[in-house]
Amino acid sequence: EYTFHNLSKPLRTDDKLAQAMRFLLLALVFLQPLNHVNALRLLSLYLLLGLFCFRLIQQGRVYWAEFTDPATLGLLALAVWAVLASVLGPYPLESLNAARKSLMPQILLYLVVLGEFRSPRQIQQLFTVIVTSFMAVTLLSAEEILRIGVNAFNPGMISHDMFLDGYASNAGFYLPFTLLYLFSREKREYWGFPLRISATLTLACGYIIVLLYNSRTALIAIALSSLLTPLLLKRYRLLLAVGAALLLAGGLSYYSGAELSKYQSLLHPATYVSNAGLSERLSVWAGAWDVVRERFIAGYGYGWKKLAWVINDKGWIGIWEKSQRADIIAYYAPQGKAHYGRVNPHNLLLQLLFEMGLIGVLLYAQFWVQSLKRILSGAFRRGQPYRPFLAGSLGVILSYLLLNLTNGYWEGTLANMLIVLLACTQVLALAPQRNERPVSR
């Protein structure tokens, strides 16, 4: 069983450098769901990267010892392979640039949480910032809906602009997480009555916005996660309340008019097996699989946006025309040419295979196996004070995995926050095993 290392030289966790790193990570986490603040995110990211590199030089092997558990080593191995696959792929510069933009922030977030957020109290601070940021984006999104206007009986008629853009997919993490943290039984030093009320109102408002968004996958993922989380927390009255609310929302959605045809289709078995029911996903997946098979072992390098380049450069449009796959062409090249950044596999597994091949998929699976093993061992271990939260985190993970069936959230806000959650569960699961106390120097 892995435990944190006790080395002769203590790890500094309360000096000014550690405080600055924690502040920058909290700022970066707070900014994740907010649109149009990319400059602030980049500033926080690169300042944090600089301080992290300085910390590695300052602490040496003492700091690196914090990153030798199986899950972290698996993540680092995945990052190394992503770089190698990019260098060996047909578009190395594009792939390496994509890794810099998307993979590097995830690795940094994970390592900084493990290295600097070493106490449950610091993790609770981080959780409070996560929920507060979701409050902010929900408030801004609600204001946007009210300003633009929406017919309450015709959900799905909202504009996906400004703060609403990407709200439903991001809510796949934030809504289950807020529900989890609000109703988990751990002591919350930073959660007074006003914050609990605000979080409760945010939950209610968030569910309504997701319903208005008219996204079937997000609705299913969030609904199932919202049922699983109170079940894992053993909050059965909450489970009944959530179930009743979902049934009420489902009934209102089904009988409210033709605009809800996408939601009404959820009750039809053909929705889950037919191309039309899956919004042409079968054709999208077939085209992606054709491309993936050509470099099945190593992939084409990190980043999905170059899929259009591969389709154009390798003559896939002509191949699909000869095989009479007009359905595939209708998605990937409706105007006779695929456009960079506008087509993607719409499935996490296919996206991983495209970018990093079978080797990357196996490394990613190894990371998940080790992470889930740690969560489950903590969730069912007697004497573990964070058992409810660790068990309830599986509800958030379920939502993430379901969202990735019809889309690929291997990067971006949803993936970044999921990696933060996995790092936090690692800290909480190992907290009772720490023999040393943080030492200030």
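Bear in mind the structure is a predicted one, so any value in this text is a computation, not a measurement.

Enquirer: Looking at this structure, how should I read the nonpolar core?
Expert: Considering soluble globular proteins, one finds that nonpolar side chains tend to be buried as a cluster. Y110, L126, I130 and F177 are the most contacted members of the largest nonpolar core, which totals 130 residues. Take this core: its biggest share by element is 13 residues, from helix α18 (residues 413-430). Among residues more than four places away in sequence, those in contact with I130 are V29, F173, Y174, F177, M417 and V420.

Enquirer: What am I meant to see in the packing of aromatic side chains here?
Expert: Each aromatic ring pair is specified by the distance between its two centres and by the angle formed by the two planes. Within the structure shown, the criterion is met by 24 aromatic pairs. With a centroid separation of 5.2 Å and an interplanar angle of 70°, the aromatic rings of F127 and Y181 are classed as edge-to-face. Linking F127 in helix α6 (residues 120-148) with Y181 in helix α7 (residues 167-183), this pair joins segments that are 54 residues apart in sequence. Classification of F127 as buried rests on a relative accessible area of 2%. Here F127 and F389 contribute two aromatic rings whose centre-to-centre distance is 4.7 Å and whose plane-to-plane angle is 20°, an arrangement assigned as stacked. Placement of the pair is F127 in helix α6 and F389 in helix α17 (residues 387-406), with a sequence separation of 262 residues. Each of the two residues, F127 as well as F389, counts as buried. Here a set of aromatic residues connected by ring pairs shows up, and it is made of F127, F134, Y167, F173, Y174, F177, Y181 and F389. A cation over a ring is seen here: R295 above Y300, with NZ or CZ 5.7 Å from the ring centre.

Enquirer: Is there a simple way to think about the packing of helix α5 (residues 92-116) against α18 in this case?
Expert: In a packed pair of helices, the relevant descriptors are the angle between the two axes and the axis-to-axis distance. The interhelical angle for the contact between α5 and α18, taken along N-to-C directions, is 20°, at an axis separation of 9 Å. In terms of their interaxial angle, α5 and α18 are classed as roughly parallel. Handedness of the α5/α18 crossing: right-handed. When α5 is examined against α18, the residues S102, Q106, L109, Y110, V113 and L114 are found in contact with a partner set consisting of A415, N416, I419, V420, L422, A423, C424, Q426 and V427. Class assignment for the residues of the contact of α5 with α18 results in 11 nonpolar, 4 polar and no charged.

Enquirer: Sorry if this is basic, but what is going on with the pattern of salt bridges here?
Expert: Two side chains that carry opposite charge are able to pair once their charged atoms sit near each other. Counted according to the given criterion, the structure contains 4 salt bridges. Two residues, D15 and R55, come together in a salt bridge whose shortest N-O distance is 3.1 Å. Taken as a pair, D15 in the segment before α1 (16-31) and R55 in helix α2 (residues 38-59) lie far apart in primary sequence, 40 residues in all. Look at D15 and you get buried, because its relative accessible area is 13%. Taking the relative accessible area as the measure of exposure, R55 reaches 0% and is therefore buried. One salt bridge connects E116 with R55, and the closest N-O pair in it is separated by 3.0 Å. Separated by 61 residues along the polypeptide, E116 in helix α5 and R55 in helix α2 bring together distant segments of the chain.

Enquirer: Any chance you could explain the side chain of T413 here in plain terms?
Expert: Among the secondary structure elements, T413 is positioned in helix α18. With residues near it in sequence (within four places) discarded, T413 still touches Q32, P33, N170 and Y174.

Enquirer: Can you help me understand the packing of α7 against helix α9 (residues 216-233) in this one?
Expert: Packing of α7 against α9 brings their axes to within 9 Å, and their N-to-C directions diverge by 15°. Of the possible angle classes, the one that applies to α7 and α9 is roughly parallel. The two elements α7 and α9 meet at a crossing, and its hand is right-handed. When α7 is examined against α9, the residues A168, A171, G172, L175, P176, L179, L180 and F183 are found in contact with a partner set consisting of A218, I222, S225, S226, T229, P230 and L233.

Enquirer: I tried to follow the environment of S215 on my own but got confused; where do I start?
Expert: Looking at where S215 falls in the secondary structure, it is placed in the loop between α8 (193-213) and α9. S215 sits in the partly exposed class, given a relative accessible area of 21%. In the structure, S215 is positioned 47 residues away from A168 in sequence and 7.2 Å away in space, judged by C-alpha atoms. Beyond its immediate chain neighbours, meaning those up to four positions away, S215 contacts A168 and Y263.

Enquirer: Looking at this structure, how should I read the environment of L17?
Expert: Relative to the helices and strands, L17 resides in helix α1. Looking at L17, the relative accessible area reads 13%, which means it is buried. Each C-alpha atom, one on L17 and one on R55, is 7.8 Å from the other, the two residues being 38 residues apart in sequence. L17 has contacts with L51, F54, R55 and Q58, leaving out every residue within four places of it along the chain.

Enquirer: Which parts of the structure should I look at to understand unusual backbone geometry?
Expert: Excluding glycine, residues mostly carry a negative phi; peptide bonds, for their part, are mostly trans. Located in the positive-phi region is K234, a residue other than glycine, with phi close to 60°. Residue position: K234 is located in the loop between α9 and α10 (236-254). Positive phi is not limited to glycine here, since H346 has a value of about 55°. Mapped onto the secondary structure, H346 falls in the loop between α15 (326-332) and α16 (348-379). For H346, a relative accessible area of 14% gives the class buried.

About the cut-offs
- Residues numbered from 1 in each chain as written.
- Predicted model: local features only at pLDDT ≥ 70, side-chain atom pairs only at ≥ 80, totals over all residues.
- Heavy atoms only, no water.
- Core = buried A, V, L, I, M, F, W, Y, C linked by side-chain atoms within 4.5 Å.
- Buried < 20%, exposed > 50% of the residue type's maximum accessible area, 1.4 Å probe, protein only.
- Helix = DSSP H or I, 4+ residues; strand = E, 2+ residues; numbered from the N terminus.
- Contact = heavy atoms within 4.5 Å.
- Phe/Tyr/Trp six-rings, centres within 6.5 Å; stacked < 30°, edge-to-face > 60°.
- Lys NZ or Arg CZ within 6 Å of the ring centre and 35° of its normal.
- Axes fitted to C-alpha atoms, helices over the stretch in contact; angles between N-to-C directions.
- Parallel < 35°, antiparallel > 145°, perpendicular 65-115°, else oblique.
- Left-handed = near helix turned anticlockwise from the far one by under 90°.
- Nonpolar A, V, L, I, M, F, W, Y, C, P; charged D, E, K, R; others polar.
- Salt bridge = Lys/Arg side-chain N within 4 Å of Asp/Glu carboxyl O.

Read these as geometric descriptors, not functional statements.
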